[in-house]
Amino acid sequence: MLASVIQFLNSRLAGLLAVGTIVVLGVALMATVVTASRTETQLRAQIAQLSHDNRQAATAWRARLTACETGALAGGKLTPADLSVEARAQRLAQTAPAGFDACARMESADRAVVETLR
């Protein structure tokens, strides 16, 4: 039994099968590399487009915020000191926008559930 296996491994047919397998695996590897390269190029292009769109949206929102603040300053509703980060946070905490309390309650409930699971 062992002698016949060794004889087959030493035959020309085994060598041809091994070379054929290597060629097939090499072609499969090249196809995979080409496909991965194309996919990477497409994904990089999508990331660049999304980053560009994000920058444009951020610029538009900054312009809207500036227009809002400028209008409030001109109308006498705000002073330049009211535009600081601390003043904004304080005003936000005092006025509690819609959904702010609901979010706080949900976070509290989440913490309670996590504590019971521990």
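Structure first, text after, so check above.
So, a few notes on the structure that sits alongside this text. (Residues numbered from 1 in each chain as written. Predicted model: local features only at pLDDT ≥ 70, side-chain atom pairs only at ≥ 80, totals over all residues. Heavy atoms only, no water.)

## Details of the overall build of the protein chain
Operational definition: Secondary structure is summarised from DSSP: a helix means a run of H or I of at least four residues, a strand means a run of E of at least two, and numbering begins at the N terminus for each. Exposure classes here rest on a 1.4 Å probe applied to the protein chains alone. A residue is buried below 20% of its type maximum, exposed above 50%, and partly exposed in between. Only the protein chains shown count as cover for residues, with accessible areas throughout obtained via the Shrake-Rupley method and a probe of 1.4 Å.
When helices and strands are counted, the protein chain shows four helices and zero strands. Traced from its N-terminal end to its C-terminal end, the protein chain shows the element sequence α-α-α-α. Out of the 118 residues in the protein chain, the part that is buried amounts to 4%. Surface accessibility of the protein chain: about 10,300 Å² in total, with carbon and sulfur atoms responsible for 67%.

## Considerations on the pattern of salt bridges
Note the threshold: Salt bridges, as used here, are contacts in which a Lys or Arg side-chain nitrogen is within 4 Å of a carboxyl oxygen on Asp or Glu.
Here the structure, examined in full by the defined rule, presents one salt bridge. In this structure, Arg44 and Glu40 form a salt bridge, with 3.0 Å as the shortest nitrogen-oxygen distance. Of this pair, Arg44 and Glu40 are both found in helix H2 (residues 12-74), four residues apart, which corresponds to roughly one turn of the helix.

## Topic: the environment of Ser4
This is how it is decided: A 3.5 Å cut-off defines polar contacts: any pair of N or O atoms within that distance qualifies, except that in protein one atom must be a possible hydrogen donor and the other a possible acceptor, and neighbouring residues in sequence count only when both atoms are side-chain atoms.
Structurally, Ser4 can be placed in helix H1 (residues 2-9). Judged by its relative accessible area of 42%, Ser4 falls in the partly exposed class. Reaching out from Ser4, the side chain makes a polar contact with the backbone oxygen of Met1 at a distance of 2.7 Å.

## Comments concerning a nonpolar patch on the surface
Note the cut-off: Patch rule: a residue counts if its relative accessible area is over 30% and it has no salt bridge; like charges are joined within 9 Å, and nonpolar side chains (Val, Leu, Ile, Met, Phe, Trp, Tyr) within 5 Å.
Taken together, the side chains of Met1, Val5, Phe8, Leu9, Leu13 and Leu17 present a nonpolar region at the surface, about 660 Å² in accessible area. The set of elements that each furnish at least two residues to the nonpolar patch consists of H1 and H2. A total of three residues in the nonpolar patch trace back to one element, the largest contributor, which is H1. Relative to the helices and strands, Phe8 resides in helix H1.

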